[in-house]
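Topology and contacts: notes
For reference, the chains in residue letters:
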Amino acid sequence: MQRDKALATLNLEITELENVFTLLVLGQFIGFPAPPSSVSLELLPLMDKHLHIMLNRSGYASDPLAMLVSQLNMDI
Amino acid sequence: MASMGRHIFFTGKGGVGKSTVSLLAGKFLARQGYITKVTSLDPAHNTADILDMPLEHGSNKISPGLWAQEVCLDDYLKAYLNSVEKEMKARYQYTSAFSFTDHFSAFKYSPGLEEFALVRAFETIRQDAADVDYFIWDMPPTGLSLRFFQYPKVSLVWLEKLAEIRSKIIEKQSVMAKIQGDKDALVKDKLQDSIHGQIAFFKAFEALLTDSRQTRILTITNDESLSRAEALRLKKSLSELDIKHCDLVLNRSNKVANDWVDEDSGRTVKGFVLPQCSEQFIGDKLDEYLDMHVDHFAIIFK
């Protein structure tokens, strides 16, 4: 049980870090300051999974608390 | 293999005589027995006009030891974008059913790609010319040149930040693998590999630009306030990038002193003087023209 909880927490952290990474590399699509184009273009072909995470994350944007609570398996 | 040759960049405001001085400097060095290549990176180049001869795509032999090339930045940009597009098509195969990949052609107009095309052209030409002793680069006007010199530093700031995030992700993935019982798990991360590859490239490029033994920047100015102000601004901006080996060349001036005083700051600026290297058709009179200025070039390249 504890092991599963630890894994879920780590998984959530990794997903969030991947999301931050994607926003930094490809954030120009939503108006963020961007790295030099060549940096984004070089990494873009390797980021199919990351695009999915970013879009998925944007769906939770209006209710981050509920998402966090459900991910951490907390009872309130 | 990349040449170990030295690089001399001629920069300055548009119309101050960069292309003419670049060619004469190339001729001067070729006469000293060095294999010299003059490359115009200015999108509005006029090396062929000055020589009054057509320049083929690639290197053109002008005289013994002297080669010249006009770079078409669009070609370098296209080659790079084609490689990215190929990779994209392989990864996102389903898009080809709708011809979505045609829309990638808009990448060409992304801000910042023009200076990256300059970087690509610079690297490709350097790699392809192993036997060249001196590369003379006739640079675009100040704004684009400055962005070219800034490109490695700006890219490294971003890449190092991205590498830091990837390291955290890899570290957490390793912990996850260990919890799951795979103690020897080696997390492979293609993004981190690509980022490290780019960091190595830009660090080497930055090291080349900041090494005064390999690189020299000569900023051309005329004896009038606008081009002089721009030259001094460029020198200051380059200094902020740790590129401190930038000398000024006062072209089209009758002054005789090698050092001249910056009227705004009152400081003496190390510089060189060329009397009348103006933009004009030299044609096949390159030797004759250099003879008129040879003493000045001897001082510049002492």
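Scroll up a little and you will see the structure.
Residues numbered from 1 in each chain as written. Chains lettered and ligands numbered in written order. Predicted model: local features only at pLDDT ≥ 70, side-chain atom pairs only at ≥ 80, totals over all residues. Heavy atoms only, no water.

**Some thoughts on the overall build of chain A**
Helix and strand content of chain A: four helices and zero strands. Its helices and strands taken in sequence order, chain A reads α-α-α-α from the N to the C terminus. Across chain A, contacts joining residues at least 24 apart in sequence account for 63% of those joining residues at least 6 apart. (Helix = DSSP H or I, 4+ residues; strand = E, 2+ residues; numbered from the N terminus. Contact = heavy atoms within 4.5 Å.)

**Side note on a nonpolar patch on the surface**
Residues and elements named next belong to chain A. Taken together, the side chains of Phe 29, Ile 30 and Phe 32 make up a nonpolar region of the molecular surface, amounting to roughly 330 Å² of accessible area. In this fold, Phe 32 is placed in the loop between helix H1 (2–26) and helix H2 (37–43). Take Phe 32: its relative accessible area is 41%, and that puts it in the partly exposed class. (Patch = residues over 30% accessible without salt bridge, like charges linked within 9 Å, V, L, I, M, F, W, Y side chains within 5 Å. Areas by Shrake-Rupley, 256 points an atom, 1.4 Å probe, with all protein chains shown as cover. Salt bridge = Lys/Arg side-chain N within 4 Å of Asp/Glu carboxyl O. Buried < 20%, exposed > 50% of the residue type's maximum accessible area, 1.4 Å probe, protein only.)

**Notes on helix H6 (residues 190–210) of chain B**
Residue and element names in this part refer to chain B. Here H6 is 21 residues long and its end C-alpha atoms lie 30 Å apart, about the 30 Å a rise of 1.5 Å per residue gives. Every buried residue of H6 is accounted for by Leu 191, Gln 192, Ser 194, Ile 195, Gln 198, Ile 199, Phe 202, Phe 205, Glu 206, Leu 208 and Leu 209. For H6, the N-terminal capping position is held by Asp 189, with its side-chain oxygen 3.2 Å away from the main-chain nitrogen of Leu 191. (Expected span 1.5 Å × (residues − 1). Polar contact = N/O pair within 3.5 Å; in protein donor to acceptor, adjacent residues only side chain to side chain.)

**Some points on the interface of chain B and chain A**
With 34 residues of chain B in contact, the opposing surface of chain A contributes 30 residues. Buried surface at the junction of chain B and chain A, summed over both partners, amounts to about 3,000 Å²; 75% is from carbon and sulfur atoms. In terms of surface lost to chain A, no three residues of chain B exceed Trp158(B), Lys172(B) and Leu191(B), which account for 21% of the buried area on that side. Among the salt bridges present, the one from Glu13(A) reaches Lys172(B), with a minimum N-O distance of 2.9 Å. Where chain B touches chain A, the interface holds six residue pairs in polar contact (both at pLDDT 80 or more). Those elements giving two or more residues to the side of chain B that touches chain A turn out to be helix H3 (73–91), helix H4 (113–128), helix H5 (142–179) and H6 of chain B. Looking at the side of chain B that touches chain A element by element, the count peaks at 16 residues for H5(B). Grouping the constituent residues of the side of chain B that touches chain A by class yields 21 nonpolar, six polar and seven charged. (Buried area = accessible area lost by both parts, 1.4 Å probe. Nonpolar A, V, L, I, M, F, W, Y, C, P; charged D, E, K, R; others polar.)

**What to know about helix H7 (residues 225–240) of chain B**
Residues and elements named next belong to chain B. Relative to the 22 Å expected for 16 residues at 1.5 Å per residue, H7 spans 23 Å between its end C-alpha atoms, a close match to the ideal helical length. All buried positions along H7 are accounted for by Ser 227, Arg 228, Ala 231, Leu 232, Leu 234, Ser 237 and Leu 238. Near the N-terminus of H7, the side chain that reaches the backbone nitrogen of Leu 226, with its oxygen 3.1 Å away, is that of Glu 224.

**So, a negative patch on the surface**
Taken together, the side chains of Asp49(B), Asp52(B), Asp284(B) and Glu288(B) present a region of like negative charge at the surface. Position of Asp52(B) among the secondary structure elements: in the loop between helix H2 (47–51) and strand S3 (60–63). (Lys, Arg positive; Asp, Glu negative; His and termini not counted. Charge placed at Lys NZ, Arg CZ, Asp CG, Glu CD.)

**Describing the environment of Leu238(B)**
Mapped onto the elements, Leu238(B) comes out in helix H7. Not counting residues within four places of it along the chain, the set of residues in contact with Leu238(B) comprises Leu146(B), Phe149(B), Ile217(B), Ile243(B) and Cys246(B).

**Some points on unusual backbone geometry**
Leaving glycine aside, a negative phi is the common case for residues, and trans is the common case for peptide bonds. Residues and elements named next belong to chain B. Located in the positive-phi region is Asp 52, a residue other than glycine, with phi close to 55°. Its identity is not glycine, yet Asp 242 carries a phi of approximately 65°, on the positive side. For Asp 242, the location among the structural elements is in the loop between H7 and strand S7 (246–251). Of the residues examined, Asp 242 reaches a relative accessible area of 42% and is grouped as partly exposed.

**Some words on the pairing of S7(B)**
All names here are of chain B. Across the six residues of S7, six count as buried, placing the element largely inside the fold. Burial of the side chains of S7 extends over both faces: Cys 246, Leu 248 and Leu 250 are buried on one face and Asp 247, Val 249 and Asn 251 on the other. Pairing of strand S6 (residues 215–222) with S7, which is carried by six bridges, proceeds in the parallel orientation. Residue pairing for S7: Ile 220 is matched across the bridge by Val 249. (Pairing = 2+ DSSP bridges.)

**A word on the pattern of salt bridges**
Residues and elements named next belong to chain B. Throughout the structure, instances matching the rule amount to 15 salt bridges over all chains. Between Asp 287 and Arg 31 there is a salt bridge, with its nearest N and O atoms 2.9 Å apart. Pair noted here: Asp 287 is in helix H8 (residues 286–300) and Arg 31 is in helix H1 (residues 18–31), with a separation of 256 residues, a long-range link. The class of Asp 287 is partly exposed, set by a relative accessible area of 37%. Here Glu 164 ties to Lys 161 by a salt bridge, and the two come within 3.4 Å at their closest N and O atoms. Here the residue Glu 164 and the residue Lys 161 both occupy positions in helix H5, the gap between them amounting to three residues, near one helical turn. The partly exposed category is assigned to Glu 164, whose relative accessible area is 40%.

**What about the nonpolar core?**
In this structure, Phe21(A), Leu43(A), Phe9(B), Phe148(B), Phe149(B) and Leu238(B) are the most contacted members of the largest nonpolar core, which totals 61 residues. Every element with two or more residues in this core is listed here: H1 and H2 of chain A together with H3, H4, strand S5 (134–138), H5, H6 and H7 of chain B. Examining the composition of this core, we find that twelve residues originate from one element, H5(B), more than from any other. Apart from the residues lying within four places of it in its own chain, the contact partners of Phe148(B) are Phe9(B), Glu115(B), Leu118(B), Val119(B), Phe122(B), Met139(B) and Phe205(B). (Core = buried A, V, L, I, M, F, W, Y, C linked by side-chain atoms within 4.5 Å.)

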